[in-house]
Amino acid sequence: MNFKCIQELPAFLKSAFPQAEAPEDWSVTAEICPQNMEGELTVNCFRFARIFRQAPDKIAAKAAEFLSGHDDVEKAEQIKAFVNLTLKGGAVHRDTVAEENAILAAPVMSDAEKRRILIEYSAPNTNKPQHLGHVRNNTLGMSLASLLARAGHDVIPINLVNDRGIHICKSMIAYQRFGNDCTPESTGIKGDHLVGNFYVKYNDALKAQITELKANKPELADKADDELFLETEIGIATQKMLQDWEAGESEVRALWKKMNSWVFAGFNETYERMGVKFNHTYLESETYLLGKDIIQTGLEKGVFFKREDGAVCCDLGKIGVKVVLRSDGTSVYMTQDIGTTIKKFEDYKPDSQIWVVGDEQIFHFQQLFAILKKLGFEWADNLHHMAYGMVNLPTGKMKSREGTVVDADDLFDEMVELAKNATLERCGDDVPADIDERSEIIGMGALKFMLLKFNPKTTIMFDPQASLKFEGDTGPYVQYACARINSIAQKAEERGMVFDSDVNWSLLSSTEEKMLAITASFYPQIIREAAEKMDCSVLVSYLLDLAKAFNRFYRECPVLSADDEALRKARMTMCLRIKGIIGDGLKTLTISVPQAM
RNA sequence: GCGACCGUAGCUCAGCUGGAUAGAGCGCUUGCCUCCGGAGCAAGAGGUCAUGGGUUCGAAUCCCGUCGGUCGUACCA
């Protein structure tokens with residue numbers, strides 16, 4: 001948004017109300033005029049009332065007076081405290097799309113605002129394949145990283161894989177007992193799914209043992225299953241395996257290594273398909289002992305205290321007392337997180353750290369940040385938990401144990417298959433050679449777009465029937481605008497149209513042409529707003545608006561069949577600018593654009 | 001119990017640093033291919049913004065209460 005008449009407005013208003021002494025750097029931003037109002041841009045003068053200490057209507061009257069007389073303005077109408085503007089075609093385009101990279105290359109933030117940001121997301125466990133919940137996390141994480149980088153920050157995405165612990169041993173025990181030395185190769189099953197199958201088998205076996213136990217010992221019937229874990233044979237064996245793992249027992253370690261390598265191979269496929277990339281992957285098996293030494297230091301400094309039972313605690317006032325070391329001297333989750341956070345800081349020296357983690361852990365992160373602050377780390381003020389909501393199904397919550405999860409790989413296949421069918425339906429007998437590649441881009445784009453459309457903090461409902469659509473407010477709708485432009489551009493080239501910088505922009509004076517350019521010009525500030533809010537849905541909504549503005553333009557303003565050659569050229573150039581912005585926006589969301597669809 | 005978040009159209013969601021007649025998509029009804037791609041465009045029906053107070057010139061938005069819902073409140077992760 002860079003309109004000359006708007007930029008000149010502050011100086012005029014300052015001279016109109018000199019006694020108010022408005023701040024030197026005060027500037028005005030216009031908004032897109034609501035659809036039911038006549039006009040293209042609107043200036044809301046309620047916002048200026050405090051600055052000038054004048055009635056909003058009075059300021060609006062002054063603003064309208066200035067704008068009415070401005071060369072770029074066709075009409076300026078004051079309604080209450082608003083001034084609605086209709087601009088002249090040439091002026092709109094001069095201030096927006098006329099210069100090739102004016103919008104795309106516009107700085108989103110100043111150098112002083114740029115930060116080095118470490119962002120952690122995904123964080124899967126190596127005992128089961130990823131599901132829709134992980135897909136939301138991955139999508140939010142990678143897109144946020146991409147968005148922050150687009151805004152100008154130096155972004156370092158990292159992963160922290162939970163590759164050890166009792167739950168990992170469960171899959172291993174089940175494999176030892178029921179696996180018959182099978183492998184992903186021998187079964188043809190993707191590694192993470194194979195290991196996940198044993199995790200399920202384990203839980204079945206455990207459940208059977210608990211049922212048997214309860215039948216034999218009626219006095220235990222009222223106990224929760226979790227409490228009986230160490231009463232079962234399989235539970236004891238699992239506990240023993242964890243101890244052996246920690247002791248470095250070679251056979252257990254070898255099995256662990258083998259099974260984890262299968263899972264990682266599987267995860268890599270899933271990540272690759274999504275476009276997930278990390279600068280570094282931390283493994284919990286390498287970091288889980290971190291933090292203990294800092295607990296000792298904290299104890300000496302009096303930040304922590306030893307409770308009567310021997311547990312080391314931290315008093316966090318209003319947010320409670322948190323145990324940071326068990327009475328037997330072993331770590332809790334918090335201990336590891338303290339250690340890992342410090343390590344991450346030392347490894348990368350970021351200005352801030354972001355965790356993309358579900359909102360059920362809000363309290364945990366509050367405590368983590370408070371503890372680090374108490375330990376005296378100044379950078380603890382710059383830690384952010386990007387808390388996002390869960391994904392529910394129409395049938396309720398997803399639960400691994402009850403088998404109601406939507407598997408990530410299956411979902412990808414389903415999306416791509418649907419995209420392929422939709423493409424085949426449209427193309428008739430003329431099946432494109434790149435149909436598979438195209439379907440992949442459309443299907444995965446639709447999925448990511450759907451997940452990013454929601455405000456991250458909200459719990460969302462995923463209805464497979466309703467969510468897997470390609471019409472309306474969807475990724476393909478936005479991609480389609482680009483495909484249309486590609487198609488026109490190709491035909492233009494075939495017809496030998498020449499594109500040079502000599503464009504007569506004043507020919508584009510229809511409402512659709514002006515509104516398209518005006519909408520496009522808001523792109524840099526949308527990127528900024530989305531980055532500040534750490535919310536990709538801001539960008540998603542904007543891209544839908546922009547694609548919508550393009551489709552209206554497309555309908556009303558024929559490019560190739562326009563009468564006049566200069567008009568054809570101006571419209572074609574406009575289309576290419578719009579394609580550049582939509583493409584940049586989708587790319588920022590980690591969504592690709594098919595050449596045709 | 002305490003804390004956090006949420007309650008907007010039949011459904012899924014925007015809007016929430018107070019400002020015009022509360023928006024979008026889906027679904028429903030109806031138009032639009034002699035015209036660059038209909039994954040499109042245009043129009044219609046559909047809302048006491050959970051509820052009761054308060055602050056304000058003005059409240060979906062801010063404050064308090066009530067009712068519903070979710071999550072958290074571990075020497076689990």
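Residues numbered from 1 in each chain as written. Chains lettered and ligands numbered in written order. Predicted model: local features only at pLDDT ≥ 70, side-chain atom pairs only at ≥ 80, totals over all residues. Heavy atoms only, no water.

*Asks:* Lay out the packing of aromatic side chains with the relevant residues and their values.
*Replies:* Per the counting criterion, the structure on display carries 20 aromatic pairs. Aromatic pair Tyr-523 and Tyr-542: ring centres 6.0 Å apart, planes at 35°, arrangement tilted. Of this pair, Tyr-523 sits in helix 21 (residues 523-533) while Tyr-542 sits in helix 22 (residues 536-556); the two residues are 19 residues apart in sequence, bridging distant segments of the chain. Of the two residues, Tyr-523 and Tyr-542, both sit in the buried class. Grouping aromatic residues by their ring pairs yields a cluster made of Phe-17, Trp-26, Phe-48 and Phe-52. Positioned over the ring face of Phe-454 is Lys-453, at 6.0 Å from the centre of the ring. (Phe/Tyr/Trp six-rings, centres within 6.5 Å; stacked < 30°, edge-to-face > 60°. Helix = DSSP H or I, 4+ residues; strand = E, 2+ residues; numbered from the N terminus. Buried < 20%, exposed > 50% of the residue type's maximum accessible area, 1.4 Å probe, protein only. Lys NZ or Arg CZ within 6 Å of the ring centre and 35° of its normal.)

*Asks:* Let's hear about the confidence of the model for chain A: which residues, and what values?
*Replies:* Mean pLDDT over chain A: 93, with 100% of residues reaching 70 or higher. Reported confidence for the predicted complex is 0.96 by ipTM and 0.96 by pTM. (pLDDT = per-residue confidence, 0-100.)

*Asks:* Which residues make up the environment of Thr-335, and what values do they have?
*Replies:* Among the structural elements, Thr-335 can be located in helix 14 (residues 333-348). Discounting chain neighbours no more than four positions away, the residues touching Thr-335 are Leu-290, Gly-291, Lys-292, Ile-295, Val-324 and Leu-325. A distance of 2.9 Å separates a polar side-chain atom of Thr-335 from the backbone nitrogen of Val-332. (Contact = heavy atoms within 4.5 Å. Polar contact = N/O pair within 3.5 Å; in protein donor to acceptor, adjacent residues only side chain to side chain.)

*Asks:* Tell me about the environment of Leu-560, and please be specific about residues and values.
*Replies:* As for its position among the elements, Leu-560 is in the loop between helix 22 and helix 23 (565-588). Note: C-alpha distance between Leu-560 and Ile-488 (72 residues apart in sequence) is 7.4 Å. Every residue in contact with Leu-560, bar those within four places of it in the chain, is listed here: Ile-488, Lys-491, Ala-492, Arg-495, Met-497 and Arg-568.

*Asks:* Give me the pairing of strand 3 (residues 73-79): which residues, what numbers.
*Replies:* Across 6 bridges, the pairing between strand 3 and strand 4 (residues 82-87) is antiparallel. Looking across to strand 4, one finds that Gln-78 is bridged to Val-83. Counting the residues between successive antiparallel strands, the hairpin from strand 3 to strand 4 contains 2 residues, one of them, Lys-80, with a positive phi of roughly 50°. (Pairing = 2+ DSSP bridges.)

*Asks:* Provide a residue-level description of the pairing of strand 2 (residues 41-44), including the pertinent values.
*Replies:* Taken residue by residue, a regular strand's side chains alternate between the two faces of the sheet. By the alternation rule, side chains of strand 2 split into Leu-41 and Val-43 and Thr-42 and Asn-44, which are all buried. As defined by bridge partners, strand 1 (residues 31-32) adjoins strand 2 across 2 bridges and the pair is classed as antiparallel. Following the sheet pairing, Glu-31 is matched in strand 2 by Thr-42. Note that strand 2 and strand 4 share 4 bridges and pair antiparallel. Bridged to Val-43 within strand 4 is Val-83.

*Asks:* Please give an account of the protein's contact with RNA strand B that cites residues and values.
*Replies:* Taken together, 54 residues form the shell around RNA strand B, and within it Asp-309, Arg-326, Lys-397, Tyr-554 and Met-597 come nearest. Atoms of RNA strand B within 4 Å of the protein: sugar and phosphate make up 62%, bases the balance. In this structure, a base nitrogen belonging to RNA strand B sits 3.1 Å away from a side-chain N or O atom of Thr-423. Between RNA strand B and Cys-557, the relevant distance is 3.5 Å, taken from a base nitrogen to a main-chain nitrogen or oxygen of the residue. Of all elements in the fold, only strand 4, helix 16 (408-427), strand 15 (460-461), helix 19 (475-494) and helix 22 reach the threshold of two or more residues within the surface near RNA strand B. With 6 residues, the top contributor of residues to the surface near RNA strand B is helix 19. Looking at side-chain class alone, the surface near RNA strand B contains 24 nonpolar, 14 polar and 16 charged residues. (Near = heavy atom within 4 Å. Nonpolar A, V, L, I, M, F, W, Y, C, P; charged D, E, K, R; others polar.)

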